[in-house]
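In case you want the letters, here they are:
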Amino acid sequence: MSSRQDSSILGHDIPKASLTPSGWAWIALYLGLPILLLGNLVDLFFQWALGWCIGVWCMV
């Protein structure tokens, strides 16, 4: 048994594992969407409770 890993299987070179663009999109959606939703809920709460408009839409 060799301690070195072979980089080929049956004569075919196997590239190192990497994320595809769709994988990056799913990660962004999975992590970004909850953060955006929570941020908007906090903005809505402050606007409702204190009358402060601190959301991005208030800068327009």
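Details of the structure are given in the entry above.
In this text the structure is predicted, and so the values were computed from the model without any measurement.

How each quantity is defined
- Residues numbered from 1 in each chain as written.
- Predicted model: local features only at pLDDT ≥ 70, side-chain atom pairs only at ≥ 80, totals over all residues.
- Heavy atoms only, no water.
- Helix = DSSP H or I, 4+ residues; strand = E, 2+ residues; numbered from the N terminus.
- Buried < 20%, exposed > 50% of the residue type's maximum accessible area, 1.4 Å probe, protein only.
- Areas by Shrake-Rupley, 256 points an atom, 1.4 Å probe, with all protein chains shown as cover.
- Phe/Tyr/Trp six-rings, centres within 6.5 Å; stacked < 30°, edge-to-face > 60°.
- Patch = residues over 30% accessible without salt bridge, like charges linked within 9 Å, V, L, I, M, F, W, Y side chains within 5 Å.
- Salt bridge = Lys/Arg side-chain N within 4 Å of Asp/Glu carboxyl O.

K.L.:
Mind laying out the overall build of the protein chain, listing which residues take part and the relevant values?
P.N.:
Counting its secondary structure elements, the protein chain contains one helix and two strands. For the protein chain, the succession of helices and strands along the chain, N to C, is β-β-α. The buried share of the protein chain, reckoned over its 60 residues, is 5%. Of the roughly 6000 Å² of accessible surface on the protein chain, 71% is carried by carbon and sulfur atoms.

K.L.:
So, the packing of aromatic side chains: which residues are in play, and what are the values?
P.N.:
Using the criterion set out here, one finds two aromatic pairs in the structure. Look at F45 and F46: their rings are 5.9 Å apart centre to centre, the planes differ by 65°, and that puts the pair in the edge-to-face class. Relative accessible area serves as the criterion here: at 47%, F45 is assigned to the partly exposed category. The structure contains a cluster of three or more aromatic residues connected by ring pairs, namely F45, F46 and W48.

K.L.:
Could you give me a rundown of a nonpolar patch on the surface, with the residues and numbers involved?
P.N.:
A cluster of nonpolar side chains, namely L19, W24, I27, Y30 and L31, defines an oily patch on the protein surface of about 590 Å² accessible area. Considering the arrangement of structural elements, one finds L19 in the loop between β2 (12–13) and α1 (21–50). Of the residues examined, L19 reaches a relative accessible area of 45% and is grouped as partly exposed.

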